[in-house]
Every structure is written in C-alpha cells, then in structure tokens.
Amino acid sequence: METKNISSAVIKRLPRYYRYLSELLDEDVERISSNELSRKMHVTASQIRQDLNNFGGFGQQGYGYNVKYLYKEIGKILGLDVVHPMIILGAGNLGQALANYREFEKRGFKLVGIFDINPVLEGITVRGIEIKMIKDLGQFIKENSVEIAILTIPKNKAKEMADILVENGIKAIWNFAHVDLETPENVIVENVHLSESLMTLSYNISKYEQEHKDNE
C-alpha cells in the first residue's frame, strides 16, 4: 500500500493501534467503536478515524471496527505478515537482553544470529543461538537472507560496522549505539538513544514538580 504521503506521526501511531488490538483479541472482543478505542488509547476518536482513513478506513457506520480484521490489516501495513530475519551485533548485556525478548517472534522478527568481536564469547549460546565472530558476518547475511541488523556496540565501532552491513545487503538497522548513522537512501535506520529518552523523562519529572510547587 502506498504510504509516501502519510505523515510520520500517523505511522508512529500504527504500532500502538496494533498493540491495543492485540490486547482486545486476548480479551475476546470482536468489535469496537472509535469512541471505545479512543478511551483505551487516550487518542481522540476523530484522530483514530483520520489515521485509519489514510489506509481505507476499515470501519462500518453503526458497527465500528472488526477487531480481528483491523489487527490483521494493520499488521500488513506494518509489514508484519512476513518473516524478517535479523541479527544482533554486540553480545553484551543489552544485546543478550534483546536476544532473550521472545515477543519479537510474535511480530514476525526472527533472530537468526548474534555476533561479537570478543573471542571469549564465541560459541556461547543465547536462547539456542551461538554467538559468532564478525569475520563470519558477510557470508552469514547472504546465506540467511538477513534483512535487519540490531547494533548494540560502542559508538566508535558503529559507523564501521554499519558500512560493512550495507556492503553485505542489510536493508535496515536498528541502532542502539550512541551515534546517528548515515546510510544510503535504500537502507533504513531507526536510531534508539536510551539516554536521550531518560533525559526527556527527567525533564518531565522536573516540569511536573515545578508546576505543582508553583501551585502550592
């Protein structure tokens, strides 16, 4: 489906819809109105209708949304109806924590390999996957049709590794290294800066406390 004219804000809300619809399915809810969904998600019903209308609407007047159908269709829009083989580069604490996160498989992201440069880690298994060395990376990507690489390595190595990944046909990088990566247009990068998120949280705490102090 064509999405190039759809705002990034709408795209970022789609995973939230998908998550809430998953919870509704677990509760055996068959249908839901935009008003009911808005109360659960704290997004206006009008916003929900506008967002979904970008992709065809999916609702019926007087009926609302069929939860199972909408969940399936949003999954297709997000590309979750196919399996995405992925690897992790960096088998430290964060890398191993991500490797142990089983929810990825439920969303179509299949972890097929873990790589590191530390020879002490070679051969150690994390959830049944042996940690391999970087020297095996290129061949492994090609043999396993890997699409996504997760970077959990020091920032001084991230750019070098990103170049190697691009050279070997990786389509997307989920980057936890504390540096913004520059890649060709055909390689998608999602930067995740954990410290920046924590600083945003700190700001909001300070703002909340200051507002309540001013009101005393």
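Summary of the structure given here.

## Things to note about the sheet that holds strand S3 (residues 64-66)
Across a sheet, paired strands are connected by hydrogen bonds in the backbone, their directions being either parallel or antiparallel. On the basis of which strands lie adjacent, the open sheet formed by 3 strands has the order S1-S3-S2 and antiparallel pairing. On the outer flanks of this sheet lie strand S1 (31-32) and strand S2 (59-60), each paired with one strand and no other. Two elements, S1 and S3, share 2 bridges in a ladder whose sense is antiparallel. Bridged to Arg31 within S3 is Asn66.

## Describing the environment of Ile150
Counting through the fold element by element, Ile150 comes out in strand S8 (residues 148-151). By relative accessible area, which is 0% here, Ile150 ends up buried. In this structure, the C-alpha to C-alpha distance between Ile150 and Ile173, residues 23 residues apart in sequence, is 5.8 Å. Contacts of Ile150, omitting those with residues within four sequence positions, involve Met86, Ile87, Ile88, Leu89, Leu98, Trp174 and Phe176.

## Topic: the packing of aromatic side chains
For the structure on display, the rule yields 6 aromatic pairs. Taking 4.9 Å as the distance between ring centres and 75° as the angle between the ring planes, the aromatic pair formed by Tyr101 and Phe104 counts as edge-to-face. Seen in terms of ring centroids, Phe115 and Phe140 are 5.2 Å apart; in terms of plane orientation they differ by 75°. Their pairing is edge-to-face. Placement of Phe115 in strand S5 (residues 109-116) and of Phe140 in helix H7 (residues 137-143) is noted, with a sequence separation of 25 residues between them. Phe140 carries the same exposure label as Phe115, and that label is buried.

## Structural notes on helix H2 (residues 34-41)
Taken together, the buried positions of H2 are Ser34, Leu37, Ser38 and Met41. Seen along its axis, H2 keeps its buried residues to an arc of 105°; they face one direction. At its buried positions, H2 is contacted by helix H1 (8-26), S1, helix H3 (45-53) and S3. Positive backbone phi, approximately 60°, marks His42, located one or two places after H2.

## Description of a negative patch on the surface
A contiguous patch of negative charge on the surface is contributed by Glu23, Asp26, Glu27, Asp28 and Glu30. Mapped onto the elements, Asp26 comes out in helix H1.

## Let's talk about the sheet that holds strand S6 (residues 125-126)
Pairing within the open sheet is mixed, and its 7 strands lie in the order S6-S7-S5-S4-S8-S9-S10. Of all the strands in the sheet, just S6 and strand S10 (188-191) have a single pairing partner and so form its edges. Where S6 lies against strand S7 (residues 129-133), 2 bridges are found, and the strand directions are antiparallel. Looking at the pairing, Val126 lines up with Ile129 of S7. Where helix H8 (residues 155-167) meets the sheet, it contacts strand S4 (84-89), S8 and strand S9 (172-175), and its direction lies at approximately 170° from that of S8.

## Considering H3
All buried positions along H3 are accounted for by Ala45, Ile48, Asp51 and Leu52. Buried residues of H3, seen end-on, are gathered within an arc of 125° and therefore sit on one face of the element. Looking at the buried side of H3, the elements it contacts are H1, H2, S3 and helix H4 (67-77).

## Focus on the layout of surface pockets
What the largest pocket holds in volume is close to 1500 Å³. Taken together, 32 residues make up the lining of the largest pocket; nearest its centre are Pro15, Leu78, Leu80, Phe109 and Glu190. Put simply, the parts of the chain that give the lining of the largest pocket at least two residues each are H1, H4, S4, helix H6 (103-106), S9 and S10. Per element, the largest residue contribution to the lining of the largest pocket is 9 residues, and it comes from H1.

## Quick word on the pattern of salt bridges
The final tally for this structure, using the stated rule, is 6 salt bridges. Of the charged contacts, one joins Asp51 and Arg13 as a salt bridge, the two residues approaching to 2.7 Å between their closest N and O atoms. Residue Asp51 is located in helix H3, and its partner Arg13 is located in helix H1; the two are separated by 38 residues in the primary sequence. According to the relative accessible area criterion, Asp51 is buried, its value standing at 1%. Notably, a salt bridge pairs Glu147 with Lys171, separated by 3.7 Å at the nearest N-O pair.

Cut-off values and rules
- Residues numbered from 1 in each chain as written.
- Predicted model: local features only at pLDDT ≥ 70, side-chain atom pairs only at ≥ 80, totals over all residues.
- Heavy atoms only, no water.
- Pairing = 2+ DSSP bridges.
- Helix = DSSP H or I, 4+ residues; strand = E, 2+ residues; numbered from the N terminus.
- Buried < 20%, exposed > 50% of the residue type's maximum accessible area, 1.4 Å probe, protein only.
- Contact = heavy atoms within 4.5 Å.
- Phe/Tyr/Trp six-rings, centres within 6.5 Å; stacked < 30°, edge-to-face > 60°.
- Arc of directions from axis to C-beta.
- Patch = residues over 30% accessible without salt bridge, like charges linked within 9 Å, V, L, I, M, F, W, Y side chains within 5 Å.
- Areas by Shrake-Rupley, 256 points an atom, 1.4 Å probe, with all protein chains shown as cover.
- Salt bridge = Lys/Arg side-chain N within 4 Å of Asp/Glu carboxyl O.
- Lys, Arg positive; Asp, Glu negative; His and termini not counted.
- Charge placed at Lys NZ, Arg CZ, Asp CG, Glu CD.
- Axes fitted to C-alpha atoms, helices over the stretch in contact; angles between N-to-C directions.
- 1 Å grid on protein atoms, 1.4 Å probe; cavity = no way out; pocket = protein on both sides within 12 Å on 5 of 7 lines; lining within 4 Å.
- Points joined across faces, edges and corners; volume = space filled by probe spheres on them.

Shape is all these values report; function is a separate question.
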